[in-house]
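# Examining the three-dimensional arrangement
Here's the letter readout for the chains.
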Amino acid sequence: MKTKVVLTDADVSLILDAAKAHAHQHKWAVTIAVVDDGGHMLGMQRLDGANTISAYIAPAKAHTAAMGARESKIYEDVINKGRMSFLSAPLLQGMLEGGLPILVDGVTIGAVGVSGVQSHEDAQIAAAGIAALKI
């Protein structure tokens, strides 16, 4: 029987705190979402000033990164290169840069999605949150 690594409540708090600190450092108003390997919400923080729609986009980016086991930007790039059929992919609504999977030994255990600033900045915030896990 295999054992499965999962994110704990403490891990989720650590990710959110580190991502929030990175966003505050740059004065970025964003929403940060953390999901498990199935894309189910574990925690979310909408910072002061973050646009309302970011509370929908951040979890969608996290869900896409978790379900696809890859950065959500990959889907955006594929679509931008003309593969429009990806727009109909089931369960993937956050196909924009800013969702990053959390990997342990090559296995996805969850993901972080961020929305509110430039997409590459959203990804920086997500990466800062994940880096706090020191995995």
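Structure: above.
A brief structural summary. (Residues numbered from 1 in each chain as written. Predicted model: local features only at pLDDT ≥ 70, side-chain atom pairs only at ≥ 80, totals over all residues. Heavy atoms only, no water.)

## Regarding the pattern of salt bridges
Tallying each qualifying case throughout the model produces three salt bridges. Here D37 and K4 are joined by a salt bridge, their closest N and O atoms 3.0 Å apart. Here K4 lies in the segment before α1 (9-25) and D37 lies in the loop between β1 (31-36) and β2 (41-46), a separation of 33 residues in the sequence. Overall, the relative accessible area of 58% leaves K4 in the exposed class. (Salt bridge = Lys/Arg side-chain N within 4 Å of Asp/Glu carboxyl O. Helix = DSSP H or I, 4+ residues; strand = E, 2+ residues; numbered from the N terminus. Buried < 20%, exposed > 50% of the residue type's maximum accessible area, 1.4 Å probe, protein only.)

## Considerations on the pairing of strand β4 (residues 107-115)
Within β4, eight of the nine residues are buried, leaving the element largely enclosed by the surrounding structure. For strand β3 (residues 99-104) and β4, the ladder comprises six bridges, and the chain directions are antiparallel. Across the sheet, the residue bridging to I102 is G110, located in β4. What sits between β3 and β4 in their antiparallel hairpin is a turn of two residues, with D105 showing a positive phi close to 55°. (Pairing = 2+ DSSP bridges.)

## Here we look at the side chain of T108
Secondary-structure assignment places T108 in strand β4. With residues near it in sequence (within four places) discarded, T108 still touches D37, A66, A69, P101, I102 and L103. (Contact = heavy atoms within 4.5 Å.)

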